[in-house]
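# Observations on the model geometry
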Amino acid sequence: QSTEDVDAPETLQPRPPVVTIMGHVDHGKTSLLDALRGTDVATGEAGGITQHIGAYQVTVKDGSKITFLDTPGHEAFSEMRARGANITDIVVLVVAADDGLRPQTIEAINHTKAAGVPMIVAINKIDKPEAKPQKVREELLQHEVIVEDMGGDVQDVEVSALKKTNLDALIEKIQLQAELLELRANPDRDAEGTVVEAKLDKGRGPVATILVGRGTLRVGDVFVVGAESGKVRALIDDKGRNVKEAGPSTPVEVLGISGVPGAGDPLTVVENEARAREVAAYRAGVIQQKRTTAAPA
Ligand code: GDP
């Protein structure tokens, strides 16, 4: 991003935080995501229909929004980081209270620290009789993650994804952390976003879930995404509804792409189709060149 491309401070408006849940396998990432999704007050209006698009937005009781990414395994997280598309504002580290820190927990801690992303620890499975939350805090300390109880500044919360215990407290901590980050973006400009996931859909053709970073993406917009280009034919939100536009921190499915882009690819709205093809061709060339240079001699 070049310096003249920075949005003027007066154009910036608050945007929802983008949260990634990480942790060791079986510690409850999926359960927690599902439980948090269940707290969405907007889902009722949509008739409770939800679909998997790799990211979703929850509207909490006070009307504010939180976006959760539900794809990144650790590999995807480090890949996105390597490509400069660090779209996560906050990491929620899930640690099962009956199991403690495990290799993937430590990996997640390292990734999060390397990315400079603030972390909130969710000590999960607190409903289990063998849960030892204090032991988790001590183990975290050994990895220099110092929770408030231990005199540090990392927020932690005991939850049960299964029994839906203390989810409100977790949401509050996410909101508190988000406030500290003062997350802002200019919604009144051509959109820029990042591919969260993409696939070739039998009926619909190439489909990509885009997390809008800044600006507002609209039906009819002409864009470049990775080495592909297109014109937005339809936008579908995480509740399966057709929408006309998507602003900062909003995940949407985009239809009308020439091919399937890669996860982490940037999407940029451009002025017209000729320009889109030109940029896409240039990017394809760069990608081709990178592949050639990267190939072993
Ligand atoms: P993931 O691999 O991190 O996504 O973990 P899952 O969400 O698939 O959970 C792994 C297992 O732990 C499943 O059998 C869940 O039902 C169980 N589980 C998840 N959260 C809790 C919890 O809070 N309490 C209990 N008792 N079990 C849980």
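If you're wondering where the values come from, they're calculated on a predicted model, not measured in any experiment.

Analysis parameters
- Residues numbered from 1 in each chain as written.
- Predicted model: local features only at pLDDT ≥ 70, side-chain atom pairs only at ≥ 80, totals over all residues.
- Heavy atoms only, no water.
- Helix = DSSP H or I, 4+ residues; strand = E, 2+ residues; numbered from the N terminus.
- Buried < 20%, exposed > 50% of the residue type's maximum accessible area, 1.4 Å probe, protein only.
- Contact = heavy atoms within 4.5 Å.
- Areas by Shrake-Rupley, 256 points an atom, 1.4 Å probe, with all protein chains shown as cover.
- Near = heavy atom within 4 Å.
- Polar contact = N/O pair within 3.5 Å; in protein donor to acceptor, adjacent residues only side chain to side chain.
- Axes fitted to C-alpha atoms, helices over the stretch in contact; angles between N-to-C directions.
- Parallel < 35°, antiparallel > 145°, perpendicular 65-115°, else oblique.
- Nonpolar A, V, L, I, M, F, W, Y, C, P; charged D, E, K, R; others polar.
- Expected span 1.5 Å × (residues − 1).
- Salt bridge = Lys/Arg side-chain N within 4 Å of Asp/Glu carboxyl O.
- Phe/Tyr/Trp six-rings, centres within 6.5 Å; stacked < 30°, edge-to-face > 60°.
- Lys NZ or Arg CZ within 6 Å of the ring centre and 35° of its normal.
- Core = buried A, V, L, I, M, F, W, Y, C linked by side-chain atoms within 4.5 Å.

As a further point, take the overall build of the protein chain. Within the protein chain, the regular secondary structure consists of six helices and 17 strands. Residues classed as buried in the protein chain amount to 50% of the 297 residues present. Put simply, of all contacts in the protein chain between residues at least 6 apart along the chain, 71% involve residues at least 24 apart. When the accessible surface of the protein chain is summed, it comes to about 14400 Å², and 49% of that surface belongs to carbon and sulfur atoms.

It is worth spelling out the site of the ligand at this point. Taken together, the neighbourhood of the ligand is formed by 15 residues, with D26, K29, T30, S31 and D127 sitting nearest. Here K125 contributes a side-chain N or O atom positioned 2.9 Å from an oxygen atom of the ligand. The backbone of L162 places a nitrogen or oxygen atom 3.2 Å from an oxygen atom of the ligand. The protein chains hide 75% of the 580 Å² of surface that the ligand would expose on its own. Top element by residues in the shell around the ligand is helix α1 (residues 29-37). It accounts for three residues.

Turning our eyes to something else, we now look at the packing of α1 against helix α5 (residues 167-181). At a minimum axis separation of 11 Å, α1 and α5 run at an interaxial angle of 90°. With respect to their mutual orientation, α1 and α5 come out roughly perpendicular. Residues L32, A35 and L36 of α1 form the contact with α5, whose participating residues are L167, L170 and I171. Along the lines of polarity and charge, the residues of the contact of α1 with α5 split into six nonpolar, no polar and no charged.

For α5, built from 15 residues, the straight-helix expectation of 21 Å at 1.5 Å per residue is met to within 8% by its first-to-last C-alpha distance of 21 Å. Those residues of α5 that fall on the buried side of the exposure criterion are L167, L170, I171, K173, I174, Q175, Q177 and A178. On the buried face of α5, the contacting elements are β2 (18-23), α1, β4 (65-69), β5 (90-96), β6 (119-124) and β7 (155-158). Of the residues trailing α5, E182 is marked for its positive phi of about 45°.

Attention now moves to the side chain of D156. By the element assignment, D156 lies in strand β7. Within the local environment of D156, its side chain forms a polar contact with the side chain of R137, the two groups lying 2.9 Å apart. The contacts of D156, once residues within four sequence positions are left out, are V121, I123, R137, V147, E148 and K173.

Now for α1. When α1 is considered as a whole, its buried residues turn out to be L32, L33, A35, L36 and R37. Close packing links the buried residues of α1 with β2, β3 (55-59), β4, β5, β6 and α5.

Where charged atoms of side chains with opposite charge meet at close range, the side chains can pair. In total, this model carries 19 salt bridges according to the counting rule given. E245 serves as the salt-bridge partner of R218, at 3.1 Å between the closest nitrogen and oxygen. You can see R218 sitting in strand β11 (residues 217-218) and its partner E245 sitting in strand β15 (residues 245-246), a full 27 residues away along the chain. Through salt bridges that share partners, D7, R189, E192 and R214 make up one connected network.

Even without being a glycine, D26 presents a positive backbone phi close to 75°. If you trace the backbone, D26 turns up in the loop between β2 and α1. Judged by its relative accessible area of 63%, D26 falls in the exposed class. Located in the positive-phi region is K125, a residue other than glycine, with phi close to 65°. Mapping K125 onto the fold places it in the loop between β6 and α4 (133-142).

Moving on, we get to the packing of aromatic side chains. Across all of its chains, the model carries one aromatic pair by this definition. Ring centres of Y56 and F68 lie 5.7 Å apart, and the angle between their planes is 35°; on these two criteria the pair is classed as tilted. Of the two residues, Y56 is situated in strand β3 and F68 in strand β4; the sequence distance between them amounts to twelve residues. The class for Y56 is buried, based on a relative accessible area of 2%. Overall, F68 belongs to the buried group, its relative accessible area being 1%. We note R37 situated over the ring of Y56; from NZ or CZ to the ring centre the distance is 4.5 Å.

The next subject is the nonpolar core. Counting 25 residues, the largest nonpolar core has I21, L32, L36, F68, V92, L170 and I174 as the members making the most contacts within it. Looking at this core, the elements that each hand over two or more residues are β2, α1, β3, β4, β5, β6 and α5. With five residues, the top contributor of residues to this core is α5. In contact with I174, other than residues within four places in its own chain, are P17, V19, I66, F68, I90, V92 and I120. Within the second largest apolar cluster, 19 residues are counted, among which are M119, V136, V145 and V154.

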